[in-house]
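# Understanding the architecture of this molecule
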Amino acid sequence: MKKNLLSVLAILVLFCTTSFSQTRQVTGVVLSGEDNLPLPGVNILIKGTTRGVISDLDGFYTIQANSTETLVFSFVGFVAQEVLVGSKSTIDILLIPDAKVLGEVVVVGYGSTTRGDLTGNIASLKGTDLASIPVPNFQEALQGRMAGVFVESSSGKLGGGVKIRVRGTTSISGGNEPLYVIDGIPMTSSGAIGLYNPMSDINFNDIESFDVLKDASAAAIYGARAANGVVLITTKSGAKGKTKFNVGIQRGISEPTRKREFLDAAEFVELMRESGYNNDLRAGTDPINNPSDYAGSDLEFVEGRLDRYSGWSDWRNLETNTNWQEEAFNGSAGTTNVNFSAAGGDEKTRFYFSGAYDKQTGIMIRNDFERVSARLNLDHSVSDKFTIGANFGLSRTENNRLSDDNQFNNPIQLVALAPITPIRDLNGQLYDRPTTTYYNNLIDSENASWLNTSFRNITNVFGEYKFNANLKFRTEFGVDILNQNEEQYFGSRTNTGLSTNGYGRSRWLRIFNYNTNNYFTYTKIFAEKHNLEAIAGMSFQRSDENFTSVEGQEFPLDDLKTLASAAEIVGGTSTLTNFSFLSYFTRVNYKYANKYLATLSARIDGSSRFGENNKYGFFPAASLGWVLTEESFLKGNENLSLLKLRASFGLTGNAEIGNFDHLGLFGPAAYALIPGLIPSQIPNPDLTWEKTAQIDIGVEFAFLRDRITGEIDYYNKNTTDLLLNVPIPATSGFLIQRQNIGRMQNSGVEIVLNSANVSRQKFSWNTSINFARNINKVKELAPGQESIPPSSSRFLNSIFIGEPIGVFYGPKFAGVDPENGDALYYANEELSETTNDYNAATRMVVGDPNPKFIGGITNSLTFGAFDLNILFQGVFGNDIYDGGGGFFAANGDWFDNSTRDQLARWQNPGDITDIPQARLGECNGCNASSRYLSDGSYVRLKTLTIGYSPPSSLLERMKVTSFRIFFTGQNLLTFTNYNGWDPEVSADSLTGNILQGNDFYSAPQARTYSIGINVGF
């Protein structure tokens, strides 16, 4: 009996032990202790065995283990952790960074990785770094923060375009903007009504991170649209845990960064009378000293005009001295931002919700911007294998717009009016022509409206199924729907509506852009040292655009502004266009022993934009990396914590042209009211992509336990088969045809240097410096074509083989003849002869609008509860052409007011000056030449933020989890030799890739001071 009892007990013990230690499924997520983001590619091994898995793109893993076994979590750049399984079925891990530059999570095409595993060049920025910057779109907020990413706002007008160039300009006639992808959806970033910027619809408080794919290895996964770089935008998501709320309020005031100095009434009268009198003396008469010469003289004509322009006042007594520049600017400009968010979830469901209101009143009169937005991001684990989710983003944007530069109803052109002209007559009405020199566009403030309203829906739904620990499939479907309506009304007193008793126009646009991505991801560890990740899938995108415009005139009352009140509909049009892409892609990442890295990628793109003979293109890329500090001869070195070499080569494309440039097109025509068709475009069935082959060689490093980190890259981009509009023989019946002809090269160096200067318990100081040098050259045009001359007599941008795109080409100003005050130009390229005949001057390259260097430096300091962040941004070596300079000049071309520097004009023989003699209507030096070129280099205190966060003990008493009050200044200081309004300028009336670096009555940037508060609970 006793023996049998012992046997039963032994069986029970064995049973219990076996039950306790039996293999079970353990799951979890691995997060980075640096930023709390998921870590993909982490090795999870059963200690003492060869069994293991790696975490997926979302940091999740699943492994079979028993209670007595220990899991080892290891990843390059992080401190390894060991965890006993015990009775746990879920083990979440927070890995502590060992080398920060290796552990940072970056988003790549169709997935994410860490910087330690990266073999391409990607510039990354967290959304929190931009959250408090008072600008209407995230593009402006990126300025100066990423090496090799050049950002330039066209002017200080709200809602306008922003120019971004990633490693230079690659195309002459095609698009040069990067591809924007938000949560997997290629965005609609162009094609809106007028010059409205579609990226202004996005609330960048919702953005978790920006990752800019710069080299071909990183960008080739996006193939045909990646030659100009790719900007990957990831929005915020929820996390398991208690719901966290955040409320932020920010309020600021704005003013122009600079105002120009114009002549006052006394100076204007002096200069105008002098210009007329100079003409008389040159004609041999002297109406001042010989009264009989006065009748019919230019001096008489000038004084008659001064009588007209002075209205009810007397210019002889200087009764009026109007500062028209002050009338163009808004004295109550400012910003308001209110945002709210909530994030949280449990093991099954996670969410992020936000709402925001943004209002900006522009520094220019009649210009404001308002955005209301909301976002809801959800993901739900249906089971351990299946996850579904959706990201919903909605916004409504209203923009009271201004006309393009070089329009008389643009407020800044008020500066052309005479300072002797009163603003209003004695009845309180605004003066207009003939009393004012040109149209007084203050009338638009009282008798016109121009409202652009945009509704944006950016939605993405996805599902992900894990077949096992190594293989999963993800499907995504996203839409980007842009509905835009623009209502214009110009009343019977305005320049536009004066002759038609009022003019109205209504324009409506809808862009329906949808995209689907479907791809497999396979990850596997072999023999503990071989890490493999492979993805393969397909993508399809289609974008449909509908546009309608109607215009009418003859309105019975100015208060009735809709087209229903127009007595006559004078115009209307509607268009329908679309494009589509069908793509197949793959990428393989391989890592051996955490030190040898390789990436291969390829994409096949088919596009509706290209000819039947070349619908599909192939875009491969390859890259290698070597982490030397993982080698035995460097591992453990306390002074050198990272040394990594990488090199890449790949091919990317550019498809940013018209949707039907490859087709033979016909357009409507009528003859004697009989409808018909006429050919409008010659076909090109061979039209295909521009192709950019890029080599990148880089080194990443970290010294002194990551106190100094950085990277240096050299790149060379060669673009062939340029999508040029090529002149063709007129005998064909056409003038141009889109062809694949020409070559362009960009090469350069990028340097990023970060330093933790001080890191103590209550004080820290970190610095980040980025610097980039890009050299652009046009290498080849159409056969027999050496140049593309200026397209306008007023602007100088041209293209020459061997020169950068858009160089300034024209006469070189040689100063003023000290004997007679004539404007002089060089008559030969050797600059040894001069002429006063503008037409006889030799044309030559006189300037370059492309920067030689760009850079930025950020200092972040904390001292106890206070924090300080300072960003300086700089652009160097570029030239700016002031297209309004000929009107501002003291040559007296007409009665435009001049800038005060023109008072230094030539007046007497022997005068040494660069300002020619004032001569009314004779254009003495007012023609387009290097006279109006200036150095456009500048350094700007772009952003300064000072914040205060109370200690945790005070937060507990306030019953909040976080509290921060801050001051932010934007564009506080500008150091430049440019004599225009602002050196950051690109006249929005001049479109295309060639016409750049021009200022034509372009509004300056806004300087903004704001205070804000953020509360979390």
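Residues numbered from 1 in each chain as written. Predicted model: local features only at pLDDT ≥ 70, side-chain atom pairs only at ≥ 80, totals over all residues. Heavy atoms only, no water.

For the rest of this paragraph, the subject is the overall build of the protein chain. Helix and strand content of the protein chain: 10 helices and 52 strands. A globule of 1017 residues ought to have a C-alpha radius of gyration of about 31 Å, and the protein chain, at 33 Å, matches this closely. Projected onto its principal axes, the C-alpha coordinates of the protein chain cover approximately 150 × 75 × 65 Å. For the protein chain, the residues scored as buried account for 56% of the 1017 residues in total. Of the contacts made within the protein chain by residues no fewer than 6 positions apart, 69% connect residues no fewer than 24 positions apart. For the protein chain, the accessible surface area stands at approximately 41,500 Å², while carbon and sulfur atoms represent 57% of it. Across the protein chain, the 86 positively charged side chains and the 107 negatively charged ones have centroids separated by 12 Å. (Helix = DSSP H or I, 4+ residues; strand = E, 2+ residues; numbered from the N terminus. Rg over C-alpha atoms; globule rule 2.2 N^0.38 Å. Buried < 20%, exposed > 50% of the residue type's maximum accessible area, 1.4 Å probe, protein only. Contact = heavy atoms within 4.5 Å. Areas by Shrake-Rupley, 256 points an atom, 1.4 Å probe, with all protein chains shown as cover. Lys, Arg positive; Asp, Glu negative; His and termini not counted. Charge placed at Lys NZ, Arg CZ, Asp CG, Glu CD.)

Where strand β1 (residues 24-32) meets strand β4 (residues 60-65), 6 bridges bridge the pair, whose relative direction is antiparallel. In the sheet register, T27 faces β4, and the bridge partner there is T62. Across 3 bridges, the pairing between β1 and strand β7 (residues 93-95) is parallel. Bridging from a neighbouring strand, S32 pairs with L95 of β7. (Pairing = 2+ DSSP bridges.)

A separate point is the sheet that holds strand β38 (residues 787-788). If you trace the 4 strands from one edge of the open sheet to the other, you get β38-β39-β40-β44, paired in antiparallel fashion. At either margin of the open sheet sits one strand with a lone partner, and together these are β38 and β44 (843-847). Two strands pair when backbone bridges link them, and β38 and strand β39 (residues 797-800) are joined in this way by 2 bridges, in the antiparallel orientation. Note that in β39 the partner of S787 across the bridge is F800.

This part takes up the environment of Y671. One can find Y671 in strand β30 (residues 665-671). When its relative accessible area of 69% is taken as the criterion, Y671 is described as exposed. The spatial distance from the C-alpha of Y671 to the C-alpha of R843 is 45 Å, given a sequence separation of 172 residues.

Read from one edge of the open sheet, 3 strands run β4-β1-β7, paired in mixed fashion. Taken across any chain shown, the strands that pair with only one partner, and hence form the sheet edges, are β4 and β7. This sheet shows a mean twist of 35° between the axes of neighbouring strands, independent of strand direction. (Axes fitted to C-alpha atoms, helices over the stretch in contact; angles between N-to-C directions.)

Our next topic: the state of the cysteines. Applying the stated criterion to the full structure yields 1 disulfide. Here C923 is linked by a disulfide to C926, with a sulfur-sulfur distance of 1.7 Å. Every disulfide takes its handedness from the sign of the S-S torsion; for C923 and C926 that torsion is -105°, giving left-handed. A relative accessible area of 18% places C923 in the buried class. Under the relative-accessibility criterion, C926 is labelled buried at 9%. (Disulfide = S-S within 2.5 Å.)

What follows is about the pairing of strand β19 (residues 349-361). Taking every second residue as pointing to the same face, the buried face of β19 carries R350, Y352, S354, A356, D358 and Q360, while none of T349, F351, F353, G355, Y357, K359 and T361 on the other face is buried. Where strand β18 (residues 334-345) meets β19, 12 bridges bridge the pair, whose relative direction is antiparallel. Within the sheet, the bridge partner assigned to G334 lies in β19 and is T361. Hairpin connection, β18 to β19: the antiparallel pair is bridged by 3 residues. Relative to strand β20 (residues 368-381), β19 is paired through 13 bridges, and the arrangement is antiparallel. Counterpart to T361 in the pairing with β20 is D368. The hairpin turn running from β19 into β20, its antiparallel successor, is 6 residues long, and R366 in that turn takes a positive phi close to 70°.

Before going further, it helps to spend a moment on the packing of helix α5 (residues 265-282) against helix α6 (residues 298-309). Following both chains from N to C, one finds α5 and α6 inclined at 155°, their axes separated by 7 Å at the closest point. What the angle tells us is that α5 and α6 run roughly antiparallel. Contacts from F268, V269, M272, R273, G276, N279 and D280 of α5 reach α6 at D298, L299, V302, E303 and L306. (Parallel < 35°, antiparallel > 145°, perpendicular 65-115°, else oblique.)

Before going further, it helps to spend a moment on the side chain of S929. Position of S929 relative to the elements: it lies in the loop between α9 (885-888) and β48 (933-935). We classify S929 as buried; its relative accessible area is 0%. Not counting residues up to four positions away in its chain, the partners in contact with S929 are L796, P811, F813, Y825 and Y881.

Scored by pLDDT, the protein chain comes out at a mean of 91, with 97% of its residues at no less than 70. Within the protein chain, helix α1 (residues 2-20) has the poorest average pLDDT of any element, 42, and strand β42 (residues 823-826) the best, 98. (pLDDT = per-residue confidence, 0-100.)

A few words on the pattern of salt bridges. Per the counting criterion, the structure on display carries 56 salt bridges. Here D480 ties to R456 by a salt bridge, and the two come within 2.7 Å at their closest N and O atoms. Of this pair, D480 sits in strand β23 (residues 471-490) while R456 is found in strand β22 (residues 448-466), placing the two residues 24 residues apart along the sequence. Take D480 and R456: they sit in the same class, and that class is buried. Each of R167, K214, K644, R646, D696, E700, E711, D713 and E750 takes part in salt bridges that share partners, so that together they form one network. (Salt bridge = Lys/Arg side-chain N within 4 Å of Asp/Glu carboxyl O.)

One pass over the structure, following the stated rule, counts 46 aromatic pairs. With 5.6 Å between their ring centres and 50° between their planes, F512 and Y514 make a pair best called tilted. Between the aromatic rings of F701 and F703, the centroid separation amounts to 5.5 Å while the plane-to-plane angle is 35°, which identifies the pairing as tilted. An aromatic cluster is present here, built from F262, F795, F808, Y881, F887, F888, Y932, W981, F1000 and Y1001 joined pairwise through their rings. (Phe/Tyr/Trp six-rings, centres within 6.5 Å; stacked < 30°, edge-to-face > 60°.)

Right, let's get into the side chain of S454. For S454, the location among the structural elements is in strand β22. You can call S454 buried: its relative accessible area is 0%. At 3.1 Å, the side chain of S454 and the side chain of D201 are in polar contact. (Polar contact = N/O pair within 3.5 Å; in protein donor to acceptor, adjacent residues only side chain to side chain.)

On to the nonpolar core. Ranked by size, the top nonpolar core spans 47 residues in total, and within it M364, Y881, W981 and Y1001 carry the most contacts. Residue assignment for this core shows that the elements contributing at least two residues are α7 (324-328), α8 (442-447), β41 (813-816), β42 and β44. No other element matches β42, which puts 3 residues into this core. Leave out the neighbours within four places in its chain, and Y1001 touches D405, N410, I412, Q413, V415, A416, G884, F887, F888, D896 and W981. Of all hydrophobic cores here, the second largest spans 27 residues; its members include L130, F138, I202 and F210. (Core = buried A, V, L, I, M, F, W, Y, C linked by side-chain atoms within 4.5 Å.)

It helps to recall that an α-helix has 3.6 residues per turn; residues three or four apart then point in one direction. For α5, with 18 residues, the first-to-last C-alpha span of 26 Å sits near the 26 Å given by 1.5 Å per residue. Burial analysis of α5 places 13 of its 18 residues in the buried class, which makes it a mostly covered element. Of the residues that open α5, the one with a side-chain oxygen 3.3 Å from the backbone nitrogen of A266 is D264. One or two residues past the end of α5 sits G284, with phi positive at roughly 90°. (Expected span 1.5 Å × (residues − 1).)

Examined against the element boundaries, K472 turns out to sit in strand β23. Sequence separation between K472 and F520 is 48 residues, and the spatial gap between their C-alpha atoms is 5.8 Å. Every residue in contact with K472, bar those within four places of it in the chain, is listed here: D56, L57, D58, E464, Y465, K466, F467, Y519, F520 and T521. Within the structure, K472 has its side chain in polar contact with the side chain of E464 (distance 3.4 Å).

Summarising the element assignment, L824 is placed in strand β42. A C-alpha to C-alpha distance of 5.1 Å links L824 and A814, two positions 10 residues apart in sequence.

Across its 12 residues, α6 extends 16 Å between first and last C-alpha, which sits within 8% of the 16 Å expected from 1.5 Å per residue. Buried within α6 are the following residues: L299, V302, E303, R305, L306 and Y309. Buried residues of α6 fall within an arc of 155° about the axis and therefore sit on the same side. Positive phi appears at G311, one or two residues downstream of α6, with a value of about 60°. (Arc of directions from axis to C-beta.)

Residue R433 is joined to P434 through a cis peptide bond whose omega torsion reads 10°. Note that P434 resides in the loop between β21 (386-400) and α8. With phi around 60°, R167 is a residue other than glycine that occupies positive phi space. The buried category is assigned to R167, whose relative accessible area is 1%.

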